[in-house]
Amino acid sequence: VSGFDRTGVWLLQGEDLLGAWGTGLDCAVVDERSRRISFSQLMPDAYSAVIRGEKFGVLPTSEWIQVDGTVIKAEAPLGFAFMVLKVQDEIVGMAFGDNLPSRRNVVQHEVEQLSPLCEQCATAIHTVRLLEERNHFIASRRHLIQTYAEIANAPNFDETLRRVRTAIVQTGLFDRAGVYYVQGDRCHSAWGTDLEGREVDEHGASYDPESFEQTIAYLNLNGGQYCTWDSIPEDNLPPQETHLPHKHGLTALRVGDEI
């Protein structure tokens, strides 16, 4: 439409831009879906303009960061265009254009010509997202119904626990899951997941009564049903290894007031 040598489309997530499709120096299409950059840090001027409410504009730059991380420096600043992909009050993405291969400057009029197209593209992105969310919700509901049936038809108690662990991992929300059962004043291990994502038989291990009570107390402090926490020392609650630098989650399996 405007005759740019190159254009790139990015999705906006918070202050980050998620790569979609771009253009190489040879003007060929480039798959940039593996890229993620900080919009506010890498393009502070463009980010500030967008925050001020500008829908498009032209800014000078002397450096272009390529997909492989290399930087191309121009002898003199060249203009690049930024265009906001917005639906009502929601910014769904950004489009950029430049003439780096030919070293022609970008002018404001060329960018303005793309405004109607950007509005249509933003609407299309928004619509497709809504359809994907709807389809994902329907597929999740169907999967949950099937999962409930499989768990309910387990032939024995231990197989029920095993299928619960499998169902949690199959949701795709977690890489690993472990299922424990409460008997008296102790919590016993049943089925877990190793670092490769494989099912692990963890029968035989159990929390002592004091440790179990402390874990339940920690759970109750956070609402009683579920909680998350970062890796903390083993003498804090709930007990865990200290060298795992990631977040853990705990969900209580309750029937009435009984865990």
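Residues numbered from 1 in each chain as written. Predicted model: local features only at pLDDT ≥ 70, side-chain atom pairs only at ≥ 80, totals over all residues. Heavy atoms only, no water.

**Quick look at helix α5 (residues 157–170)**
When the terminal C-alpha atoms of α5 are compared, their 20 Å separation across 14 residues agrees well with the 20 Å that a helix rising 1.5 Å per residue should span. Along α5, the positions that sit buried rather than exposed are Leu161, Val164, Arg165 and Ala167. End-on view of α5: buried residues confined to an arc of 165°, all on one side of the axis. Residues of α5 that are buried in the fold lie against α4 (115–152), β8 (179–183), β9 (186–193) and β10 (199–201). (Helix = DSSP H or I, 4+ residues; strand = E, 2+ residues; numbered from the N terminus. Expected span 1.5 Å × (residues − 1). Buried < 20%, exposed > 50% of the residue type's maximum accessible area, 1.4 Å probe, protein only. Arc of directions from axis to C-beta. Contact = heavy atoms within 4.5 Å.)

**Points about the pairing of β9**
Here β9 lies mainly inside the structure; seven of its eight residues are buried. Judged from the five bridges that link them, β8 and β9 form a sheet pairing that is antiparallel. For glutamine 183, the partnering residue across the bridge sits in β9 and is arginine 186. Of the pairings in the sheet, the one linking β9 to strand β11 (residues 206–207) comprises two bridges and is antiparallel in character. Bridge pairing in β11 links histidine 188 to serine 206. Bridge analysis of β9 against β10 gives three bridges, and the strand direction is antiparallel. (Pairing = 2+ DSSP bridges.)

**Quick notes on a nonpolar patch on the surface**
A cluster of nonpolar side chains, namely Leu42, Ile65 and Val71, defines an oily patch on the protein surface of about 230 Å² accessible area. Mapped onto the elements, isoleucine 65 comes out in strand β5 (residues 56–65). (Patch = residues over 30% accessible without salt bridge, like charges linked within 9 Å, V, L, I, M, F, W, Y side chains within 5 Å. Areas by Shrake-Rupley, 256 points an atom, 1.4 Å probe, with all protein chains shown as cover. Salt bridge = Lys/Arg side-chain N within 4 Å of Asp/Glu carboxyl O.)

**Some words on the side chain of aspartate 194**
Assignment of secondary structure puts aspartate 194 in the loop between β9 and β10. Aspartate 194 sits in the buried class, given a relative accessible area of 18%. A distance of 2.7 Å separates a polar atom in the side chain of aspartate 194 from the backbone nitrogen of arginine 198. In contact with aspartate 194, not counting residues within four places along its chain, are Arg176 and Val200. (Polar contact = N/O pair within 3.5 Å; in protein donor to acceptor, adjacent residues only side chain to side chain.)

**Here we look at the environment of serine 102**
Mapped onto the elements, serine 102 comes out in the loop between β7 (90–98) and α3 (108–112). Classification of serine 102 by relative accessible area gives partly exposed; the value is 35%. A C-alpha to C-alpha distance of 17 Å links serine 102 and valine 29, two positions 73 residues apart in sequence. There is a polar contact of 2.4 Å between the side chain of serine 102 and the side chain of aspartate 5.

**A short note on the pattern of salt bridges**
What the rule picks out here adds up to twelve salt bridges. A salt bridge links lysine 73 to glutamate 63; the nearest nitrogen and oxygen atoms lie 3.8 Å apart. Taken together, the residues lysine 73 in strand β6 (residues 71–87) and glutamate 63 in strand β5 connect sequence positions ten residues apart. In this structure lysine 73 comes out as exposed when scored by relative accessible area, which is 62%. What makes glutamate 63 partly exposed here is its relative accessible area of 45%.

**Quick word on a negative patch on the surface**
A contiguous patch of negative charge, built from Asp185, Asp208, Glu210 and Glu213, is present on the exposed surface. In this fold, aspartate 185 is placed in the loop between β8 and β9. (Lys, Arg positive; Asp, Glu negative; His and termini not counted. Charge placed at Lys NZ, Arg CZ, Asp CG, Glu CD.)

**Remarks on the environment of histidine 203**
With respect to the element layout, histidine 203 can be found in the loop between β10 and β11. Judged by relative accessible area, which is 36%, histidine 203 ranks as partly exposed. For the pair formed by histidine 203 and glutamate 132, sequence separation is 71 residues and the distance between their alpha carbons is 40 Å. In this structure, histidine 203 is in contact with Asp158, Ser189, Ala190 and Trp191, ignoring residues within four places of it in sequence. Of the polar contacts made by the side chain of histidine 203, one reaches the side chain of aspartate 158; its length is 2.5 Å.

**With respect to unusual backbone geometry**
Here cysteine 27, not a glycine, exhibits a phi torsion of approximately 70°, which is positive. Tracing the chain through its elements places cysteine 27 in the loop between β2 (16–23) and β3 (29–31). Under the relative-accessibility criterion, cysteine 27 is labelled partly exposed at 43%. Positive phi values are uncommon outside glycine, yet arginine 103 reaches one of about 65°. Mapped onto the secondary structure, arginine 103 falls in the loop between β7 and α3.

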